[in-house]
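Chain residues, written in single-letter form:
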Amino acid sequence: MSGITLCVNIDHIATVRQARGVNFPDPLAGARICEENGAHGITVHLREDRRHIQDRDVIALREVVRGKLNLEMALSDDVIAVARRVLPDQITLVPEKREELTTEGGLDVKGHYERIREVTEMFKNDGVAVSLFIEPDEETVRLSKKAGADSIEIHTGRYCNLFDRDPSRGVSDEETNRELNRIYHAAGIAGEIGIGLNAGHGLTCGNLPPILEAPGLEELNIGFSIIARSIFIGLPAAVREVLAVVHGAASGGGAPCSC
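Here's what I pulled together on the structure shown here. (Residues numbered from 1 in each chain as written. Predicted model: local features only at pLDDT ≥ 70, side-chain atom pairs only at ≥ 80, totals over all residues. Heavy atoms only, no water.)

Where burial is concerned, most of strand β8 (residues 217-222) is hidden: five out of the six residues are buried. Sheet topology note: the strand β1 (residues 5-9)/β8 ladder contains four bridges and is parallel. Each residue of the ladder has a partner; that of V8, found in β8, is I222. Here strand β7 (residues 196-200) pairs with β8 via four bridges, running parallel. By the bridge assignment for β8, L197 is matched with L217. (Buried < 20%, exposed > 50% of the residue type's maximum accessible area, 1.4 Å probe, protein only. Helix = DSSP H or I, 4+ residues; strand = E, 2+ residues; numbered from the N terminus. Pairing = 2+ DSSP bridges.)

Structure representation (structure tokens):
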């Protein structure tokens, strides 16, 4: 557990910037602050509609980020072209619908298998690691490995929504516990077949500790809760707060957190 790394998704710094069409707040400055305060890498999602992160951000981040640069992206030709120009350390293939507020579920690996396999091979030949953002489903985990992905990122959104509806009950809630066990089972399959395990979506300090118990978990991708929390306590403190939960769980202790 002590080896779990944190990549901070800074999309919503760009969301605030784009709301006014100005040049601030600057996602690059946000990336520097996150890494200076312990983040192991930076995640951004270059969406087809460019609603927050822009091509220029991704290009500039390649020069700024000192740890891992993880680019979330759909299977669209124009975004693939940007990614191949930038060559991030990792791409994470995600589903995308223009009308959604945020990514609503995992990638349909079975339905898009040939295209995923083709894109995965392309980027691996470029020296870029490939992760697939998927639901905690055994068949999908196995197909991800077959498609050549280096890792999977388990979509934790359903678990988080269930947990957050009544945090006082937490995993004692039957439905929440059932979803958490799906995540644990998928994690176990990932370890069995030798594919890396990441997790993300909807994670906060409050609902994170049970996810840290997933066997073989290597990387967390957390964005919205950190950026939202930073409004009240600042970005450096918001990043350190999440890292305190990770480190506290690794040492067997607790970490105070009010996010």
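The amide bond that connects F24 to the next residue, P25, takes the cis arrangement and shows omega of 0°. The topology assignment puts P25 in the loop between α1 (11-20) and α2 (27-36). In this model, L87 sits at a positive phi of 55°, which is unusual for a non-glycine residue. By the secondary structure assignment, L87 is in the loop between α4 (77-86) and β4 (90-93). One non-glycine residue with positive phi stands out, namely H201, at about 110°. Structurally, H201 is set in the loop between β7 and α9 (208-211).

So, on to the state of the cysteines. For the structure on display, the rule yields zero disulfides. Here C34 stays unpaired: no disulfide links it, and the sulfur of C7, its closest cysteine neighbor, is 10 Å away. Owing to a relative accessible area of 0%, C34 belongs among the buried residues under this scheme. (Disulfide = S-S within 2.5 Å.)

Here we take up the packing of helix α7 (residues 157-164) against helix α8 (residues 174-193). It is the contact of α7 with α8, at a shortest axis distance of 9 Å, that shows an interaxial angle of 155°. Between α7 and α8, the crossing angle belongs to the class labelled roughly antiparallel. Once α7 is placed against α8, the crossing between them reads as left-handed. Residues R158, Y159, L162 and F163 of α7 lie in contact with α8, whose contacting residues are E175, T176, E179, L180 and I183. For the contact of α7 with α8, a count of residues per class yields five nonpolar, one polar and three charged. (Axes fitted to C-alpha atoms, helices over the stretch in contact; angles between N-to-C directions. Parallel < 35°, antiparallel > 145°, perpendicular 65-115°, else oblique. Left-handed = near helix turned anticlockwise from the far one by under 90°. Contact = heavy atoms within 4.5 Å. Nonpolar A, V, L, I, M, F, W, Y, C, P; charged D, E, K, R; others polar.)

The eight strands are arranged β1-β2-β3-β4-β5-β6-β7-β8 in a closed barrel whose pairing can be described as parallel. For this sheet, the mean angle separating the axes of adjacent strands, direction not counted, is 25°.

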